[in-house]
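One-letter residues, chain by chain:
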Amino acid sequence: DVMMMVEAGGPLWLAGSERMSPVYEVYAVRYAHHHRMSGENFLGGDPHEVPMPLDYFVWAVVGDNKTWVVDLGFTAEQAQKRKREFIRSPGDGLKLIGIDPAKIDDVIVTHMHYDHVGNLDLFPNATFHIQDREMHFCTGRCMCHPLMNAPFEVDDVVAMVRRVFAGKVAFHDGTAEIAPGLSLHHIGGHTDGLQCVRVMTRRGWIVLASDAAHLYAHMEQGRAFPIVYNVGDMLEGHKTLRQLAASPAHIVPGHDPLVMQRYPAPRPELKGAIVRLDADPIAT
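If you're wondering where the values come from, they're calculated on a predicted model, not measured in any experiment.

What about empty space enclosed by the protein?
So, step 1. Scanning the entire structure with this criterion turns up one cavity of 30 Å³ or more.
So, step 2. If you add up the space inside the largest cavity, you get close to 30 Å³.
So, step 3. Lining of the largest cavity is provided by Asp-211, Ala-212, Ala-213, His-214, His-218, Arg-223, Ala-224, Phe-225, Met-234 and His-238.
So, step 4. When grouped by side-chain class, the residues that make up the lining of the largest cavity number five nonpolar, three polar and two charged.

Below is the structure:
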C-alpha cells in the first residue's frame, strides 16, 4: 500500500492509502554463536550433516523519538551452562549504537526461551510486551515435561512473573499495533505464544521473524526446527511471515549467520557485530 516517500519535519514518512507511517531504522546485534551440525537444525535430522552454526541476536527498532528493543538475549552464565560462545553482553552490543538499555521504556519479547528473555535486569525501566498465550504456556502444564521446559530458564520465567505483579508487562492477544508502523503478530509453533515483529522501514515492511524461522533454509525448504510445540503452526507461520513482509527478502530469520553477510554494518568498525536491516541487502 506504499504510495510515495515524503519528508515531514525531518524524518522520512511513508504515505500510504490510509495514513502516513513513520519509517524506522532496524538493527540486528549479534551477541553469541554456536557451532553445530545441520542435523541439529531440522526436525528429522539432515542427510547432508554439514556444519550449520547459529548466531544469536537482539534487535533494535529506532524511531525519531523512541527506541524499542526486541528480545534480551542470554547472560555469560547461561552461555557457559548451554555451551554457547558468548561474544558480548547484549547490553554492551546495544551501547555500540548509542542505545542505553536503562533508558529503554519498551521491550518486545518474542517468546520466553532462555536466549530471548535473559538479562531482564539490564532494562529496569522497561515494560515488556508478550503474548497472553506465551505466559500461559511457560507457566502451565506443558512445563511439567522436561522435553518442553528444557529451552526455558525457571529464573527468567519467575522474573517475568514478578514484573507482571509490578505492572511492567503489557499483554497482547494475537495482532497488536504498538506504534504506527510497528506491530506484533502471533505465530506460535516453536512455542505456543511466539510472536514476530513487523516494522515499516525505508525499504518497506520488514519482519523480524525471531524463531518463527531460525534460518533462511527453514522458509526456503519448508522445514521445521526440532524444538517445536506445534509443527503445523510452525510451517503455517512461514506463510504468515511472507504475507506480512514486503517480499521474502524482507524477512529476517532469528538465528542465521547469513544475516551478518546479507546486510551492511552501520559503521565499518562494527562489521561482524551489528547490521542495518532497514538498509538494502548487500549484492552477492
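Description of the pattern of salt bridges
So, step 1. With the rule as written, the count across this model stands at 11 salt bridges.
So, step 2. Arg-163 is the partner of Asp-121 in a salt bridge, and the nearest nitrogen-oxygen pair spans 3.0 Å. Taken together, the positions of Asp-121 in the loop between helix H3 (114-117) and strand E9 (127-131) and Arg-163 in helix H6 (residues 154-165) put the pair 42 residues apart, joining distant regions of the chain.
So, step 3. The exposed category is assigned to Asp-121, whose relative accessible area is 66%.
So, step 4. Given a relative accessible area of 18%, Arg-163 falls into the buried group.
So, step 5. Note that Glu-236 is salt-bridged to Lys-239, the shortest N-O span being 3.4 Å. Highlighted residues: Glu-236 and Lys-239, both in helix H8 (residues 231-244), separated by three residues, approximately one helical turn.
So, step 6. What makes Glu-236 partly exposed here is its relative accessible area of 44%.
So, step 7. Overall, Lys-239 belongs to the partly exposed group, its relative accessible area being 46%.

The rules behind the values
- Residues numbered from 1 in each chain as written.
- Predicted model: local features only at pLDDT ≥ 70, side-chain atom pairs only at ≥ 80, totals over all residues.
- Heavy atoms only, no water.
- 1 Å grid on protein atoms, 1.4 Å probe; cavity = no way out; pocket = protein on both sides within 12 Å on 5 of 7 lines; lining within 4 Å.
- Points joined across faces, edges and corners; volume = space filled by probe spheres on them.
- Nonpolar A, V, L, I, M, F, W, Y, C, P; charged D, E, K, R; others polar.
- Salt bridge = Lys/Arg side-chain N within 4 Å of Asp/Glu carboxyl O.
- Helix = DSSP H or I, 4+ residues; strand = E, 2+ residues; numbered from the N terminus.
- Buried < 20%, exposed > 50% of the residue type's maximum accessible area, 1.4 Å probe, protein only.

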